[in-house]
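Survey of secondary and tertiary structure
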Amino acid sequence: TTQAARATPPPKSEEDTAVNNLSDVMSSIPFLEQPNFDLLPLLQSVEEKKRGIPLSKDDWELFCNKDGSVSNPSYIRRIIFEGGVTPELRPMVWLYLLDYYRFSDSAEQRENFINNKENEYLVMRSQWKTLSEGQIKRNKPFYKAKTIIGKDTVRTDREHPYFAGENNSNLDVLQDILLTHVMYDFDLGYVQGMSDILSPILIVLNHEIEAFWCFAHYMCNLVSLNFLFKLDLLQTSFSTIISQTRLQF
(Lines give C-alpha, C1' and ligand atoms only; values in the text may rest on other atoms or scores of the structure.)
Protein backbone atom coordinates (compact mmCIF):
# COMPACT_ATOMS: atom_id res chain seq x y z
CA THR A 1 0.00 0.00 0.00
CA THR A 2 0.95 3.67 -0.23
CA GLN A 3 1.36 3.93 3.51
CA ALA A 4 3.57 0.86 3.70
CA ALA A 5 5.93 2.38 1.15
CA ARG A 6 6.67 5.41 3.31
CA ALA A 7 10.02 5.53 5.06
CA THR A 8 10.75 6.66 8.62
CA PRO A 9 11.54 10.41 8.72
CA PRO A 10 15.04 11.51 9.74
CA PRO A 11 15.47 12.64 13.35
CA LYS A 12 15.11 16.37 14.03
CA SER A 13 18.31 18.22 14.85
CA GLU A 14 18.54 20.02 18.22
CA GLU A 15 20.25 23.41 18.10
CA ASP A 16 21.51 25.31 21.12
CA THR A 17 20.50 28.86 20.26
CA ALA A 18 17.21 30.65 19.81
CA VAL A 19 18.18 31.63 16.26
CA ASN A 20 18.55 27.99 15.29
CA ASN A 21 15.27 27.13 17.00
CA LEU A 22 13.59 29.79 14.88
CA SER A 23 15.29 28.41 11.78
CA ASP A 24 13.88 24.95 12.53
CA VAL A 25 10.36 26.34 12.85
CA MET A 26 10.58 28.26 9.58
CA SER A 27 11.89 25.24 7.68
CA SER A 28 9.13 22.96 8.99
CA ILE A 29 6.35 25.03 7.42
CA PRO A 30 5.53 23.78 3.89
CA PHE A 31 5.57 27.22 2.22
CA LEU A 32 8.90 28.49 3.57
CA GLU A 33 12.41 27.65 2.43
CA GLN A 34 15.30 27.08 4.84
CA PRO A 35 17.07 30.40 5.60
CA ASN A 36 20.68 30.60 4.49
CA PHE A 37 22.42 30.72 7.89
CA ASP A 38 26.21 30.45 8.07
CA LEU A 39 25.93 27.29 10.15
CA LEU A 40 24.17 25.33 7.40
CA PRO A 41 27.40 24.16 5.70
CA LEU A 42 28.03 22.16 8.87
CA LEU A 43 25.00 20.04 7.96
CA GLN A 44 26.19 19.14 4.46
CA SER A 45 27.59 15.84 5.69
CA VAL A 46 24.07 14.62 6.50
CA GLU A 47 22.88 12.12 3.92
CA GLU A 48 20.26 13.59 1.59
CA LYS A 49 16.91 11.82 1.80
CA LYS A 50 14.65 11.44 -1.21
CA ARG A 51 11.25 13.11 -0.96
CA GLY A 52 8.46 10.74 -0.05
CA ILE A 53 4.94 10.31 -1.38
CA PRO A 54 2.66 13.28 -0.59
CA LEU A 55 -0.44 12.84 1.53
CA SER A 56 -3.39 12.40 -0.85
CA LYS A 57 -7.14 12.71 -0.43
CA ASP A 58 -7.45 8.91 -0.37
CA ASP A 59 -4.82 8.71 2.37
CA TRP A 60 -6.58 11.40 4.39
CA GLU A 61 -9.96 9.67 4.24
CA LEU A 62 -8.42 6.55 5.78
CA PHE A 63 -7.73 8.54 8.94
CA CYS A 64 -11.18 10.18 9.15
CA ASN A 65 -13.54 8.63 11.72
CA LYS A 66 -17.33 8.49 11.55
CA ASP A 67 -17.72 11.30 14.10
CA GLY A 68 -15.49 13.60 12.03
CA SER A 69 -12.37 13.30 14.17
CA VAL A 70 -9.03 12.39 12.60
CA SER A 71 -6.96 9.52 13.97
CA ASN A 72 -3.20 8.99 14.19
CA PRO A 73 -2.06 12.63 13.79
CA SER A 74 1.58 11.73 14.50
CA TYR A 75 1.66 9.39 11.49
CA ILE A 76 -0.07 12.02 9.32
CA ARG A 77 2.59 14.55 10.31
CA ARG A 78 5.30 12.04 9.45
CA ILE A 79 3.85 11.50 5.97
CA ILE A 80 3.73 15.27 5.44
CA PHE A 81 7.25 15.70 6.78
CA GLU A 82 8.54 13.23 4.22
CA GLY A 83 6.44 14.08 1.17
CA GLY A 84 4.18 17.07 1.72
CA VAL A 85 0.49 17.31 0.80
CA THR A 86 -1.20 17.17 -2.59
CA PRO A 87 -2.46 20.64 -3.67
CA GLU A 88 -6.16 19.81 -3.56
CA LEU A 89 -5.88 18.62 0.05
CA ARG A 90 -3.83 21.54 1.39
CA PRO A 91 -6.76 23.81 2.36
CA MET A 92 -8.11 21.12 4.69
CA VAL A 93 -4.85 19.78 6.10
CA TRP A 94 -3.28 23.18 6.75
CA LEU A 95 -6.17 23.97 9.10
CA TYR A 96 -4.91 21.11 11.29
CA LEU A 97 -1.18 21.72 10.82
CA LEU A 98 -1.56 25.39 11.75
CA ASP A 99 -3.63 24.59 14.86
CA TYR A 100 -7.00 25.96 13.77
CA TYR A 101 -8.61 22.52 13.99
CA ARG A 102 -7.78 19.81 16.50
CA PHE A 103 -7.44 16.26 15.19
CA SER A 104 -9.46 14.91 18.12
CA ASP A 105 -12.53 17.14 17.58
CA SER A 106 -15.72 15.71 16.13
CA ALA A 107 -17.58 17.42 13.29
CA GLU A 108 -20.09 18.84 15.79
CA GLN A 109 -17.31 20.22 18.01
CA ARG A 110 -15.65 21.84 15.00
CA GLU A 111 -18.90 23.50 13.95
CA ASN A 112 -19.33 25.10 17.37
CA PHE A 113 -15.67 26.08 17.40
CA ILE A 114 -15.91 27.70 13.96
CA ASN A 115 -18.91 29.79 15.00
CA ASN A 116 -17.10 31.04 18.10
CA LYS A 117 -13.94 31.90 16.19
CA GLU A 118 -15.87 33.71 13.46
CA ASN A 119 -17.59 35.88 16.05
CA GLU A 120 -14.34 36.58 17.88
CA TYR A 121 -12.61 37.64 14.67
CA LEU A 122 -15.44 39.90 13.56
CA VAL A 123 -15.47 41.67 16.94
CA MET A 124 -11.71 42.35 16.76
CA ARG A 125 -11.96 43.54 13.17
CA SER A 126 -14.80 45.90 14.00
CA GLN A 127 -12.73 47.41 16.83
CA TRP A 128 -10.30 49.05 14.42
CA LYS A 129 -12.67 49.50 11.47
CA THR A 130 -14.93 51.74 13.55
CA LEU A 131 -12.06 54.04 14.63
CA SER A 132 -12.05 57.53 13.13
CA GLU A 133 -8.95 58.88 11.38
CA GLY A 134 -8.38 61.13 14.37
CA GLN A 135 -8.54 58.22 16.80
CA ILE A 136 -6.10 56.21 14.69
CA LYS A 137 -3.59 59.07 14.55
CA ARG A 138 -3.77 59.56 18.32
CA ASN A 139 -3.08 55.85 18.85
CA LYS A 140 0.60 55.93 17.89
CA PRO A 141 1.35 52.16 18.04
CA PHE A 142 -1.67 51.31 15.89
CA TYR A 143 -1.05 54.22 13.51
CA LYS A 144 2.57 53.09 13.03
CA ALA A 145 1.50 49.48 12.42
CA LYS A 146 -1.22 50.56 9.99
CA THR A 147 1.27 52.66 8.00
CA ILE A 148 3.80 49.83 7.71
CA ILE A 149 1.12 47.26 6.87
CA GLY A 150 -0.18 49.51 4.11
CA LYS A 151 3.29 49.68 2.55
CA ASP A 152 3.95 45.94 2.96
CA THR A 153 0.58 44.99 1.48
CA VAL A 154 1.18 46.78 -1.83
CA ARG A 155 4.62 45.13 -2.02
CA THR A 156 3.07 41.65 -1.90
CA ASP A 157 4.02 39.47 -4.87
CA ARG A 158 1.78 41.04 -7.52
CA GLU A 159 2.90 38.52 -10.12
CA HIS A 160 1.01 35.78 -8.29
CA PRO A 161 -2.49 35.47 -9.80
CA TYR A 162 -4.10 35.73 -6.36
CA PHE A 163 -2.75 39.26 -5.86
CA ALA A 164 -2.35 40.42 -9.46
CA GLY A 165 -4.10 43.40 -11.01
CA GLU A 166 -5.33 46.77 -9.85
CA ASN A 167 -7.96 47.09 -7.09
CA ASN A 168 -7.49 43.45 -6.11
CA SER A 169 -9.81 42.71 -3.19
CA ASN A 170 -7.47 39.98 -1.92
CA LEU A 171 -4.97 42.69 -0.98
CA ASP A 172 -7.69 44.34 1.11
CA VAL A 173 -8.33 41.02 2.89
CA LEU A 174 -4.59 40.61 3.52
CA GLN A 175 -4.44 44.07 5.07
CA ASP A 176 -7.58 43.48 7.16
CA ILE A 177 -6.12 40.30 8.64
CA LEU A 178 -2.83 41.99 9.53
CA LEU A 179 -4.56 44.96 11.15
CA THR A 180 -6.88 42.66 13.09
CA HIS A 181 -3.85 40.71 14.29
CA VAL A 182 -2.48 43.95 15.76
CA MET A 183 -5.69 44.14 17.83
CA TYR A 184 -5.26 40.46 18.74
CA ASP A 185 -1.63 40.77 19.88
CA PHE A 186 -0.78 44.30 21.02
CA ASP A 187 2.59 43.23 22.44
CA LEU A 188 3.92 41.92 19.12
CA GLY A 189 2.17 44.49 16.99
CA TYR A 190 3.43 44.29 13.42
CA VAL A 191 6.89 43.40 12.17
CA GLN A 192 7.85 44.01 8.56
CA GLY A 193 7.73 40.71 6.72
CA MET A 194 4.77 39.22 8.57
CA SER A 195 2.75 39.78 5.39
CA ASP A 196 5.10 37.33 3.66
CA ILE A 197 4.08 34.69 6.19
CA LEU A 198 0.38 35.42 5.87
CA SER A 199 0.12 35.67 2.08
CA PRO A 200 0.68 31.95 1.25
CA ILE A 201 -1.71 30.96 4.04
CA LEU A 202 -4.38 33.19 2.53
CA ILE A 203 -3.66 31.91 -0.98
CA VAL A 204 -4.08 28.27 0.05
CA LEU A 205 -7.06 28.68 2.38
CA ASN A 206 -8.77 31.50 0.45
CA HIS A 207 -10.78 32.32 3.57
CA GLU A 208 -10.27 35.43 5.67
CA ILE A 209 -11.21 34.09 9.10
CA GLU A 210 -9.48 30.73 8.72
CA ALA A 211 -6.34 32.44 7.42
CA PHE A 212 -6.34 34.84 10.37
CA TRP A 213 -6.48 32.13 13.02
CA CYS A 214 -3.90 29.94 11.31
CA PHE A 215 -1.59 32.95 11.02
CA ALA A 216 -2.24 33.98 14.64
CA HIS A 217 -1.45 30.51 15.99
CA TYR A 218 1.70 30.27 13.90
CA MET A 219 2.93 33.66 15.11
CA CYS A 220 2.16 32.70 18.71
CA ASN A 221 4.23 29.52 18.38
CA LEU A 222 7.03 31.42 16.68
CA VAL A 223 7.24 34.02 19.44
CA SER A 224 7.09 31.45 22.25
CA LEU A 225 10.03 29.54 20.78
CA ASN A 226 12.14 32.69 20.83
CA PHE A 227 12.19 32.79 24.62
CA LEU A 228 15.84 33.95 24.74
CA PHE A 229 15.05 37.15 22.87
CA LYS A 230 13.47 40.29 24.24
CA LEU A 231 10.62 41.47 22.03
CA ASP A 232 12.63 44.19 20.30
CA LEU A 233 15.40 41.73 19.46
CA LEU A 234 12.80 39.21 18.27
CA GLN A 235 11.42 41.77 15.85
CA THR A 236 14.93 42.42 14.48
CA SER A 237 15.76 38.73 14.10
CA PHE A 238 12.37 37.99 12.54
CA SER A 239 12.82 40.73 9.95
CA THR A 240 16.27 39.38 9.11
CA ILE A 241 14.98 35.84 8.61
CA ILE A 242 12.09 36.99 6.44
CA SER A 243 14.50 38.96 4.25
CA GLN A 244 16.38 35.71 3.54
CA THR A 245 13.26 33.72 2.85
CA ARG A 246 11.30 33.45 -0.39
CA LEU A 247 7.88 31.94 -1.03
CA GLN A 248 7.87 28.45 -2.47
CA PHE A 249 4.79 26.93 -4.07
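1. Thoughts on unusual backbone geometry
The phi dihedral of Asn 72 falls on the positive side, at around 55°, and the residue is not glycine. Looking at where Asn 72 falls in the secondary structure, it is placed in the loop between helix 2 (57-63) and helix 3 (73-83). Of the residues examined, Asn 72 reaches a relative accessible area of 40% and is grouped as partly exposed. Phi angles above zero are rare outside glycine, and Asn 206 is one such case at about 50°. With respect to the helices and strands, Asn 206 occurs in the loop between helix 9 (194-205) and helix 10 (208-225).

2. Looking at the pattern of salt bridges
Taken as a whole, this structure holds five salt bridges when the rule is applied. Among the ionic pairs, Glu 120 bridges to Lys 117, the shortest N-O distance being 3.5 Å. A residue pair is termed a helical-turn pair when its members lie 3 or 4 positions apart in one helix, as Glu 120 and Lys 117 do in helix 5 (residues 107-129) at three residues. Owing to a relative accessible area of 34%, Glu 120 belongs among the partly exposed residues under this scheme.

3. Focus: helix 9
Compared with an ideal rise of 1.5 Å per residue, which puts 12 residues at 16 Å, helix 9 spans 17 Å between its outermost C-alpha atoms and is within 8% of the ideal. Counting buried positions along helix 9 yields 11 of 12 residues, so the element is predominantly enclosed. Within the sequence span of helix 9, burial applies to Met 194, Ser 195, Ile 197, Leu 198, Ser 199, Pro 200, Ile 201, Leu 202, Ile 203, Val 204 and Leu 205.

Cut-offs and rules
Residues numbered from 1 in each chain as written. Predicted model: local features only at pLDDT ≥ 70, side-chain atom pairs only at ≥ 80, totals over all residues. Heavy atoms only, no water. Helix = DSSP H or I, 4+ residues; strand = E, 2+ residues; numbered from the N terminus. Buried < 20%, exposed > 50% of the residue type's maximum accessible area, 1.4 Å probe, protein only. Salt bridge = Lys/Arg side-chain N within 4 Å of Asp/Glu carboxyl O. Expected span 1.5 Å × (residues − 1).

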